[in-house]
Amino acid sequence: MAFRNGLASLLRPEDSVLVLIDHQPFQLTNLNSHDPHAAVNCATALAKAAKAFNVPTILTSVIAERGGWIFPQITDVFPGQEVIDRTLINTWEDKKVVDAVKATGRKQLVFAGLWTEVCVAMPAIQALGEGWDVTVVTDACGGVSVEAHQVAIQRMVGAGANVMTWLAVMAEWQRDWARLDTAGAVTDVLLQHAAGSGIAYLWEQQLLDTPVPAEG
């Protein structure tokens, strides 16, 4: 297996396409690898990061009439966008999804979804076998148990996948704080979803706005 290293191996927003898979109520009810609140927060943050960098994002669900609609926290980021509903468990066997990805002309394929061991592992492993550059955003995923999630990650890494968290993805897309066209949007995502980092930024702004007391 070729090692993933060097500058060219890092994610670039102009080469990335995000596929969010089955962030639906049914899957959330048996999510046990992560706190459900954290899983929704991370997936939403990833979606907002993608929008900030104009990364094309494919939304897909499986049998939504029974499994429920994708979380509104995610669909609200892309108002009016079609959600591709499937019957196939493996997203990468669904021609409509694959065609939508190919239409972007991009090769850095970023996956996140529920559950890790099923709806993320299958398309990731298939796409890797077809020569795609695959990254899995692990904290925007989740499985039915800690073991299921971890084994799925091991399986995908063994197949050649790159694994990251949503904050690392956003930082890699930004790469340079001198890129002012996206720096503001990145800061907004941090404020909304990065807890300590966002609060620390607000505190910093508070301190900068606080006048120094005059000496008596």
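Rules and cut-offs
Every residue gets a number counted from 1 within its own chain, in the order that chain's sequence is written. Two thresholds apply to this predicted model, a pLDDT of at least 70 for residue-level local features and 80 or more for giving and counting side-chain atom pairs, whereas whole-chain, interface and lining totals are computed over all residues. Side-chain figures throughout are based on the complete set of non-hydrogen atoms in the structure, without hydrogens or water. Working definition: helices are DSSP H or I runs of at least four residues, strands are E runs of at least two. Numbering for both runs from the N terminus. As a reference, a globule follows 2.2 Å times the number of residues to the power 0.38, and the radius of gyration itself is taken over C-alpha atoms. Only protein chains enter the calculation, and the probe is 1.4 Å; a residue is then buried if its accessible area is under 20% of its type maximum, exposed if over 50%, and partly exposed in between. A positive count includes Lys and Arg, and a negative count includes Asp and Glu. His and the chain ends are not counted in either. The atoms used to mark charge sites are NZ of Lys, CZ of Arg, CG of Asp and CD of Glu. UniProt positions are given in the numbering used here, feature names are shortened, and annotations may be inferred rather than shown by experiment. Patches were defined on residues exceeding 30% relative accessible area and lacking a salt bridge, with like-charge contacts within 9 Å and nonpolar side-chain contacts (Val, Leu, Ile, Met, Phe, Trp, Tyr) within 5 Å. Accessibility throughout is a Shrake-Rupley quantity obtained with a 1.4 Å probe, and a residue counts as covered only by protein chains that appear here. The term salt bridge refers to a side-chain nitrogen of Lys or Arg lying within 4 Å of a carboxyl oxygen of Asp or Glu. Each axis is a line fitted through C-alpha atoms, taken for helices only over the stretch in contact, and angles between the N-to-C directions span 0 to 180 degrees. An angle counts as roughly parallel when it lies under 35 degrees, as roughly antiparallel when it exceeds 145, as roughly perpendicular when it falls between 65 and 115, and as oblique in every other case. Here, residues are in contact when the closest pair of their heavy atoms is within 4.5 Å. Ten residues, namely Ala, Val, Leu, Ile, Met, Phe, Trp, Tyr, Cys and Pro, are considered nonpolar, four, namely Asp, Glu, Lys and Arg, are considered charged, and the remaining ones, Gly among them, are considered polar. Put simply, two rings from Phe, Tyr or Trp (the six-membered ring, in Trp's case) pair if the centres are within 6.5 Å, and we call them stacked under 30 degrees between planes, edge-to-face over 60, tilted for the rest.

**Topic: the overall build of the chain**
When its secondary structure is counted, the chain shows 10 helices and 6 strands. Here the C-alpha radius of gyration of the chain, 18 Å, is about what a compact globule of 216 residues would show, namely 17 Å. In terms of overall dimensions, the chain has C-alpha extents of about 75 × 40 × 35 Å along its principal axes. Taking all 216 residues of the chain together, 47% fall into the buried category. Measuring between centres, the 14 positive side-chain charges of the chain sit 9 Å from its 23 negative side-chain charges.

**Comments concerning the UniProt feature "domain: Isochorismatase-like" (unreviewed entry) in the chain**
Taken from the UniProt record, the annotation "domain: Isochorismatase-like" (unreviewed entry) applies to residues 16-166. The span residues 16-166 is 44% helix and 19% strand, and its two end C-alpha atoms sit 14 Å from each other.

**A closer look at a nonpolar patch on the surface**
On the surface, a cluster of nonpolar side chains totalling about 340 Å² of accessible area is made up of Leu191, Ile199, Tyr201 and Leu202. Broken down by element, the residue count for the nonpolar patch peaks at 3 residues, all from helix H10 (residues 196-209). Following the sequence through the fold, Leu191 ends up in helix H9 (residues 180-193). Taking the relative accessible area as the measure of exposure, Leu191 reaches 31% and is therefore partly exposed.

**Quick notes on the packing of helix H2 (residues 36-52) against helix H8 (residues 166-174)**
Viewed as axis vectors pointing N to C, H2 and H8 meet at an angle of 10 degrees, and their least axial separation amounts to 9 Å. If you check the angle between H2 and H8, you find them roughly parallel. Contacts between H2 and H8 involve Cys42, Ala45, Leu46, Ala49 and Ala50 on the former and, on the latter, Trp166, Val169, Met170 and Trp173. Considering only residue class, the contact of H2 with H8 consists of 9 nonpolar, no polar and no charged.

**Some remarks on the packing of aromatic side chains**
Taken as a whole and assessed by the stated rule, the structure comprises 4 aromatic pairs. Pairing Phe26 with Trp115 gives two aromatic rings, centres 6.2 Å apart and planes at 45 degrees, and the pair type is tilted. Within this pair, whereas Phe26 is found in helix H1 (residues 25-29), its partner Trp115 is found in the loop between strand S4 (108-113) and helix H6 (116-129), the two being separated by 89 residues in sequence. We classify Trp115 as buried; its relative accessible area is 16%. Seen in terms of ring centroids, Trp92 and Phe111 are 6.0 Å apart; in terms of plane orientation they differ by 85 degrees. Their pairing is edge-to-face. Taken together, the residues span a long stretch of sequence, with Trp92 in the loop between strand S3 (84-86) and helix H5 (95-103) and Phe111 in strand S4 at a distance of 19 residues. A relative accessible area of 3% means that Trp92 is categorised as buried. According to the relative accessible area criterion, Phe111 is buried, its value standing at 0%. Ring pairs connect the aromatic residues Trp92, Phe111 and Trp132, which therefore count as one cluster.

**Concerning the side chain of Gln174**
One can find Gln174 in helix H8. By relative accessible area, which is 2% here, Gln174 ends up buried. Once residues within four sequence positions are removed from consideration, Gln174 is found in contact with Phe53, Arg179, Thr182, Ala183 and Val186.

**What about the packing of H8 against H9?**
Where H8 meets H9, the axes come as close as 11 Å, and the angle between the chain directions of the two elements is 170 degrees. Classified by the interaxial angle, the pair formed by H8 and H9 is roughly antiparallel. Residues Trp166, Leu167, Met170 and Gln174 of H8 form the contact with H9, whose participating residues are Thr182, Ala183, Val186, Val189, Leu190 and His193. By residue class, the composition of the contact of H8 with H9 is 7 nonpolar, 3 polar and no charged.

**Thoughts on the pattern of salt bridges**
Side chains carrying opposite charge are able to pair once their charged atoms draw close together. Counting across every chain of the model gives 5 salt bridges. A salt bridge links Asp133 to Arg4; the shortest N-O distance between them is 2.6 Å. On the criterion of sequence distance, the pair formed by Asp133 in strand S5 (residues 133-137) and Arg4 in the segment before strand S1 (16-21) is long-range, its members being 129 residues apart. Residue Glu82 pairs with Lys96 through a salt bridge whose shortest N-O separation is 2.7 Å. Within this pair, whereas Glu82 is found in the loop between helix H4 (72-75) and S3, its partner Lys96 is found in helix H5, the two being separated by 14 residues in sequence. Looking at Glu82, the relative accessible area reads 47%, which means it is partly exposed.

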